[in-house]
Number of protein chains: 2
Amino acid sequence: MSSSRLPSDTCVVDIHTHMYPPSYIKILESRSTIPLVRSFPQTTDPRLILLETEAKTLDEAKDAAAKLPGRPLTSHYASLAQKIHFMDTHQIDISVISLANPWLDFLDPSESGPMAESVNNEFSAMCGQHPGRLYFFGTLPLTASLDTVLSSVNHLKGLRYCRGVILGTSGLGKGLDDPNLLPIFEAVAASQLTIFLHPHYGLPNEVWGPRASAEYGHVLPLALGFTMETTIAVTRMYLSGVFDKVRELRMILAHSGGTLPFLAGRIESCIMHDGQLVREGKVGKDRRTVWDVLKDQVYLDAVVYSEVGLKAAIAASGADRLMFGTDHPFFPPLTTDEQGEWESVSMNAAAVSKAVGEGSTEAKAIMGGNAIDILRLNEDV
Amino acid sequence: MSSSRLPSDTCVVDIHTHMYPPSYIKILESRSTIPLVRSFPQTTDPRLILLETEAKTLDEAKDAAAKLPGRPLTSHYASLAQKIHFMDTHQIDISVISLANPWLDFLDPSESGPMAESVNNEFSAMCGQHPGRLYFFGTLPLTASLDTVLSSVNHLKGLRYCRGVILGTSGLGKGLDDPNLLPIFEAVAASQLTIFLHPHYGLPNEVWGPRASAEYGHVLPLALGFTMETTIAVTRMYLSGVFDKVRELRMILAHSGGTLPFLAGRIESCIMHDGQLVREGKVGKDRRTVWDVLKDQVYLDAVVYSEVGLKAAIAASGADRLMFGTDHPFFPPLTTDEQGEWESVSMNAAAVSKAVGEGSTEAKAIMGGNAIDILRLNEDV
């Protein structure tokens with residue numbers, strides 16, 4: 001990257017931006033259970049159906065008048081040219097792209113190793129087509145054997161534009177507090193790869209109540225389910241001691257930590273006031289608190305859509321640990337041209353300006369400078 | 001209340017403070033399923049077992065060496081003298097007491113009407129013993145018929161020290177977006193009673209993972225389950241239009257809104273970007289947003305245990321809408337004398353001082369002035 005074209009203090013970096021490369025779309029097209037891609041006679045774009053909450057509308061969609069499940073699979077999901085167009089439209093200098101959920105979580109053990117290799121090579125090749133403008137978070141074949149996963153970490157370590165791995169909350173199927181994940185966390189950390197923790201599974205459907213699927217669209221699972229899933233996952237990691245056991249682990253939490261900045265105080269109070277934990281000596285004076293981890297091992301994206309949320313995230317983690325993101329290609333504009341500006345992007349950019357002042361040192365850091373430093377985006381290109 | 005003793009600008013009011021009156025404890029003692037009170041040979045205080053997550057330890061507790069389920073039922077739960085002592089110890093001038101969870105949610109329809117009347121009269125009598133120092137939120141017999149519930153609202157309206165009703169998230173069994181609740185919300189609002197929305201049910205156990213019940217104490221269900229439950233309940237109310245349909249409804253959200261201040265931006269974005277809601281014309285320009293409701297019909301307690309959380313709550317709802325609380329008798333000190341100062345109280349008082357400045361106008365408002373104005377604590381005594 002030429003430092004004259006993109007001096008780090010004015011560079012805009014998008015660290016939360018997804019793609020489904022063509023080979024991945026093919027897998028989704030071949031499936032009959034969620035996640036899947038399916039065409040319907042009522043519409044030109046095929047539909048991308050990702051969430052279990054969409055299963056009901058998937059059944060109903062045989063009726064031509066029924067509402068279609070999921071979301072349209074537009075060119076924004078798989079086209080690199082479209083990604084670059086989106087970046088140019090929004091003055092985004094660099095994107096750190098990642099496979100979107102649910103990654104390879106649903107693949108048979110025998111398939112996931114080769115698929116991870118293929119997807120990671122595809123991401124690597126895309127970055128190579130736009131050197132200095134694209135980096136990526138790789139994908140791990142978590143349903144395969146430990147050896148296969150560790151080989152994949154090693155593969156990613158050698159890929160020039162790879163800066164981390166995107167990770168869901170299921171881990172090996174038992175969540176991220178599973179001790180069997182420790183060798184993987186250790187290998188990722190030792191390879192200087194940053195984990196990007198991202199939700200997919202949300203919460204069990206029953207919590208949304210009987211009216212949700214018919215009346216509230218995707219609002220509850222996306223707004224609340226996703227953010228609560230992330231918060232639960234990282235809190236379980238904290239309670240299990242992962243951050244102490246793997247001190248070099250670095251983890252970006254999607255959506256400004258889900259709700260962790262707001263709840264960290266209550267989590268701390270519940271720990272201090274828990275009879276069992278106190279009795280077992282787990283609440284000692286040298287304990288690293290949730291606040292310590294937020295300021296040391298955790299980074300947050302700035303995808304929180306409000307000044308209120310962003311200020312809380314900054315207060316919890318530090319203006320030097322927040323990184324701008326767009327969540328492209330999700331949340332496209334519904335009433336304006338998809339090729340133009342996206343309000344989901346401008347809401348988050350405006351939140352940064354409002355929270356720390358437009359053009360301030362902190363704003364420049366959050367909009368790009370932090371990502372360049374934290375993810376070493378000025379090295380090796 | 002003599003205004004010379006407690007001028008409203010220095011008065012400390014605790015609006016989040018619970019009791020189980022003796023008649024309610026008796027019911028819990030008679031039960032064999034959760035919620036219940038049970039004695040164990042290993043300890044002097046009986047144990048109060050409230051949460052479904054405690055069912056496993058309840059079974060195991062037959063073994064004298066096993067860890068005991070729930071929490072000790074100390075005198076703090078049922079003794080009025082103890083409540084007054086707690087208030088004096090913490091310089092709390094006025095408490096607005098309420099029945100603790102799970103209220104009357106588990107009673108047979110035939111029992112809940114008489115029990116609500118008895119509990120509400122007991123609370124009323126307790127307040128009468130300390131005029132000017134105690135007010136209360138009443139309890140509704142939600143498992144009974146609509147007529148019985150409306151009679152109970154009417155009963156509460158006539159009780160001198162009653163200022164509202166405490167409400168769980170199950171409503172009539174289908175959540176608070178159930179249209180059958182509307183007449184109850186209307187009656188409560190018309191009676192100038194404020195709802196205190198409080199969690200109890202948390203989230204389904206599976207989200208905490210296989211290690212939680214053995215290793216993490218109550219941390220996950222209390223820190224995350226409670227706050228997420230509240231957020232889900234109020235978001236479902238918002239999406240179903242309750243706040244528009246009952247414009248006079250006023251609702252205090254426990255624990256500073258659960259996570260609503262932090263997530264309001266994302267909820268708004270998910271609404272604006274939801275294909276179904278946009279298609280159905282539910283995202284019009286005159287729509288009252290979540291932010292509007294937070295600044296108009298919602299109040300928040302200040303029970304969030306951090307400056308970060310409290311500042312977000314204030315930014316979302318306004319310093320004139322936050323009200324101090326303690327959550328007594330829950331979260332007692334574990335390593336110091338229960339008759340002395342409670343750290344769970346000082347954490348929240350310190351958060352107010354840090355967020356808005358000790359002794360500032362805003363601090364005085366949050367510590368008591370707001371509650372006096374909002375709940376009319378200087379009237380009719």
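Residues numbered from 1 in each chain as written. Chains lettered and ligands numbered in written order. Predicted model: local features only at pLDDT ≥ 70, side-chain atom pairs only at ≥ 80, totals over all residues. Heavy atoms only, no water.

### Focus: the interface of chain A and chain B
Each partner contributes residues to the interface: chain A has 71 residues there, and chain B has 71 residues. When chain A packs against chain B, close to 6,100 Å² is buried across both sides, 70% of that on carbon and sulfur atoms. Contact with chain B buries area across many residues of chain A, yet Phe262, Arg266 and His273 of chain A alone supply 15% of it, more than any other trio. Viewed at the interface, chain B and chain A are joined by zero salt bridges. Where chain A packs against chain B, one counts 18 residue pairs in polar contact (both at pLDDT 80 or more). Mapped onto the side of chain A that touches chain B, the elements with two or more residues apiece are helix H7 (212-215), helix H8 (219-240), helix H10 (254-257), helix H11 (260-272), helix H12 (275-279), helix H14 (307-317) and helix H15 (343-356) of chain A. Here the side of chain A that touches chain B gets 14 residues from one element, more than from any other, and that element is H8 of chain A. Among the residues making up the side of chain A that touches chain B, the classes are represented as 38 nonpolar, 21 polar and twelve charged. (Contact = heavy atoms within 4.5 Å. Buried area = accessible area lost by both parts, 1.4 Å probe. Salt bridge = Lys/Arg side-chain N within 4 Å of Asp/Glu carboxyl O. Polar contact = N/O pair within 3.5 Å; in protein donor to acceptor, adjacent residues only side chain to side chain. Helix = DSSP H or I, 4+ residues; strand = E, 2+ residues; numbered from the N terminus. Nonpolar A, V, L, I, M, F, W, Y, C, P; charged D, E, K, R; others polar.)

### As for the sheet that holds strand E7 (residues 162-167) of chain B
All names here are of chain B. One open sheet holds the eight strands; their spatial order is E1-E5-E6-E7-E8-E9-E10-E11, and the pairing between them is parallel. Because the sheet does not close on itself, it has two edges, and the strands there are strand E1 (13-19) and strand E11 (322-323). When strand E9 (residues 251-253) meets strand E10 (residues 298-301), the two strands line up parallel, connected through three bridges. Each bridged residue has a counterpart across the sheet, and for Ile252 the counterpart in E10 is Tyr299. (Pairing = 2+ DSSP bridges.)

### Focus: the pattern of salt bridges
This model, assessed by the stated rule, comprises 20 salt bridges over all chains. As a salt-bridge pair, Arg288 of chain A and Asp244 of chain A come within 2.8 Å of each other at their nearest N and O atoms. Within this pair, whereas Arg288 of chain A is found in the loop between H12 and helix H13 (290-294), its partner Asp244 of chain A is found in helix H9 (residues 242-245), the two being separated by 44 residues in sequence. Here Arg133 of chain B ties to Asp88 of chain B by a salt bridge, and the two come within 2.8 Å at their closest N and O atoms. Placement of Arg133 of chain B in the loop between helix H4 (109-129) and strand E6 (134-139) and of Asp88 of chain B in helix H3 (residues 80-89) is noted, with a sequence separation of 45 residues between them. Within the structure, one salt-bridge network assembled from shared partners comprises Asp244, Arg247, Arg288 and Asp296 of chain A.

### Describing the packing of aromatic side chains
In the structure shown here, the tally under the stated rule is 18 aromatic pairs over all chains. Ring centres of Tyr20 of chain B and Tyr24 of chain B lie 5.2 Å apart, and the angle between their planes is 5°; on these two criteria the pair is classed as stacked. For Tyr24 of chain B, a relative accessible area of 1% puts it in the buried group. Of the aromatic side chains, those joined through ring pairs into one cluster are Tyr20, Tyr24, Tyr77, Phe106 and Phe330 of chain A. (Phe/Tyr/Trp six-rings, centres within 6.5 Å; stacked < 30°, edge-to-face > 60°. Buried < 20%, exposed > 50% of the residue type's maximum accessible area, 1.4 Å probe, protein only.)

### Some details on the sheet that holds strand E3 (residues 47-49) of chain B
Residues and elements named next belong to chain B. The sheet built from three strands is open, its strands ordered E2-E3-E4 with antiparallel pairing. Both outer strands of the open sheet, strand E2 (36-38) and strand E4 (71-72), are each paired with one neighbouring strand and no more. Judged from the three bridges that link them, E2 and E3 form a sheet pairing that is antiparallel. By the bridge assignment, Leu36 is partnered in E3 with Ile49.

### Some points on the nonpolar core
One broad trend across soluble globular proteins is that nonpolar side chains are buried collectively. By size, the foremost hydrophobic cluster in this structure holds 266 residues, and its most contacted members are Tyr20 and Phe185 of chain A together with Tyr20 and Phe185 of chain B. Excluding its chain neighbours within four sequence positions, the residues that come into contact with Tyr20 of chain A are Ile25, Leu48, Leu50, Tyr77, Ala78, Leu99, Ala100, Asn101 and Phe330 of chain A. (Core = buried A, V, L, I, M, F, W, Y, C linked by side-chain atoms within 4.5 Å.)

### Details of the UniProt feature "domain: Amidohydrolase-related" (unreviewed entry) in chain A
According to UniProt, the feature "domain: Amidohydrolase-related" (unreviewed entry) maps to residues 109-377 of chain A in the numbering used here. Here residues 109-377 of chain A is 51% helix and 9% strand, with 33 Å between the C-alpha atoms at its ends. (UniProt positions renumbered as here; feature names shortened; annotations may be inferred.)

### Focus on the packing of H8 of chain A against helix H11 (residues 260-272) of chain B
Where H8 of chain A contacts H11 of chain B, the two axes come as close as 8 Å, and the packing angle between them is 145°. Helix-helix and strand crossings are classified by hand; for H8 of chain A and H11 of chain B the assignment is right-handed. In this structure, H8 of chain A contributes Val219, Leu222, Ala223, Leu224, Phe226, Thr227 and Met228 of chain A to the contact, and H11 of chain B contributes Leu263, Arg266, Ile267, Cys270 and Ile271 of chain B. Residues of the contact of H8 of chain A with H11 of chain B, tallied by class, amount to ten nonpolar, one polar and one charged. (Axes fitted to C-alpha atoms, helices over the stretch in contact; angles between N-to-C directions. Left-handed = near helix turned anticlockwise from the far one by under 90°.)

### Regarding the relation of the copies chain A and chain B
Each copy superposes on the other: chain A lies on chain B with an RMSD of 0.0 Å after a rotation of 180° and an axial shift of 0.0 Å. Expressed as a symmetry operation, the mapping of one chain copy onto the other fits a two-fold axis. Most of the interface of chain A is mirrored in chain B, where 100% of its interface residues are also at the interface. (Least-squares fit on C-alpha atoms with pLDDT ≥ 70 in both.)

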